[in-house]
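Observations on the three-dimensional arrangement
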Amino acid sequence: MKIVIINGSARKGNTLAAINAFTKGAEEKHEIEVIRPDKLNIAFCKGCGACECYKGCIDQDDTNPTIDKIAAADLIVFASPVYWWGITAQTKLIIDKCYCRGALLKGKKVGVLVPGGSPVDAKQYAIIKDQFDCIAEYLGWELLFYKPFCAGGADELQNDAEAVGELTALGKSI
């Protein structure tokens, strides 16, 4: 199976630790590619409608190659830290630009990894889960997992053996 992971963090902290632990479990059986929006030249979606949800974006940037990789994946994993009670702008940018190939993204398998500084029963995790539930319903996605983690310090998740073990086991189970 081809897995594409969207790394919604520009930092090398808890989100990367979550991705690395998940990848460690999944890499034996699957092809994995991590997309880092912070390293790409992608303009925000202008809602022009020229793409008609399948033609691709008219922007001459990294949008089309990036979204083509996502459309070709069997599993899309969105990994985003919590920023201001929601996902990061980098993550939202990719989701918005997926519109240009939205017709090709129907029925995908999806997972979500969300580290944040608050306990996992805090409201921001529910807001993020609701957003992904809405997208999944609209596109007919099968949301395989949604894993929030409380990790406030920069290295907290990578030093949490239980969380790392859980993420590695999750990757193996896919």
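Everything below is about the structure shown above.
Let us look at the structure shown here.

Reading the values: rules and limits
- Residues numbered from 1 in each chain as written.
- Predicted model: local features only at pLDDT ≥ 70, side-chain atom pairs only at ≥ 80, totals over all residues.
- Heavy atoms only, no water.
- Helix = DSSP H or I, 4+ residues; strand = E, 2+ residues; numbered from the N terminus.
- Expected span 1.5 Å × (residues − 1).
- Contact = heavy atoms within 4.5 Å.
- Polar contact = N/O pair within 3.5 Å; in protein donor to acceptor, adjacent residues only side chain to side chain.
- 1 Å grid on protein atoms, 1.4 Å probe; cavity = no way out; pocket = protein on both sides within 12 Å on 5 of 7 lines; lining within 4 Å.
- Points joined across faces, edges and corners; volume = space filled by probe spheres on them.
- Axes fitted to C-alpha atoms, helices over the stretch in contact; angles between N-to-C directions.
- Parallel < 35°, antiparallel > 145°, perpendicular 65-115°, else oblique.
- Left-handed = near helix turned anticlockwise from the far one by under 90°.
- Nonpolar A, V, L, I, M, F, W, Y, C, P; charged D, E, K, R; others polar.
- Pairing = 2+ DSSP bridges.
- Phe/Tyr/Trp six-rings, centres within 6.5 Å; stacked < 30°, edge-to-face > 60°.
- Buried < 20%, exposed > 50% of the residue type's maximum accessible area, 1.4 Å probe, protein only.

Quick look at helix α5 (residues 161–173) now. For α5, built from 13 residues, the straight-helix expectation of 18 Å at 1.5 Å per residue is met to within 8% by its first-to-last C-alpha distance of 18 Å. For α5, the secondary structure elements touched by its buried residues are α1 (14–26), β4 (109–116) and β5 (142–150). The N-capping residue of α5, defined by a side-chain oxygen 3.2 Å from the backbone nitrogen of E162, is D160.

Looking now at the layout of surface pockets. Of the volumes computed, that of the largest pocket is approximately 230 Å³. Along its surface, the largest pocket is lined by 14 residues, and C98, Y99, G102, Y138 and L139 are the ones closest to its centre. Mapped onto the lining of the largest pocket, the elements with two or more residues apiece are α3 (89–97) and α4 (123–139). Considering each element in turn, the lining of the largest pocket owes the most residues, three residues, to α4. Taken as a whole, the second largest pocket holds about 180 Å³ of empty space.

The interhelical angle for the contact between α1 and α5, taken along N-to-C directions, is 40 degrees, at an axis separation of 6 Å. It follows from the interaxial angle that α1 and α5 lie oblique. Considering the relative orientation of α1 and α5, their crossing is right-handed. Side by side, α1 and α5 meet where A18, A21, F22, K24, G25 and A26 of the first sit next to V164, L167, T168, L170, G171 and K172 of the second. Of the residues assigned to the contact of α1 with α5, the class counts are seven nonpolar, three polar and two charged.

On to the sheet that holds strand β3 (residues 75–79). One key point about sheets: their strands pair by backbone hydrogen bonds, in either a parallel or an antiparallel sense. Spatial ordering of the open sheet is given by β2-β1-β3-β4-β5, a layout of five strands whose pairing is parallel. In this open sheet, the two strands that pair with only one neighbour each are β2 (31–35) and β5. Taking the axes of each pair of neighbouring strands and ignoring which way they run, one obtains an average angle of 15 degrees across the sheet. Pairing analysis gives eight bridges linking β4 to β5, with the strands arranged parallel. Bridge pairing in β5 places K109 opposite E142. Taken strand by strand, α1 contacts β1 (2–7), β2, β3, β4 and β5, and its axis lies near 170 degrees from that of β1. Lying over the sheet, α4 contacts β3, β4 and β5, oriented at roughly 165 degrees with respect to β5.

All told, the structure shown has four aromatic pairs when counted by the stated rule. A ring pair is formed by F22 and F145, whose centres lie 5.6 Å apart and whose planes are at 40 degrees; its orientation type is tilted. With F22 in helix α1 and F145 in strand β5, this pair connects stretches of sequence that are 123 residues apart. We classify F145 as buried; its relative accessible area is 6%. Each ring, one from F78 and one from F132, has its centre 5.3 Å from the other, and the planes form 45 degrees; the classification is tilted.

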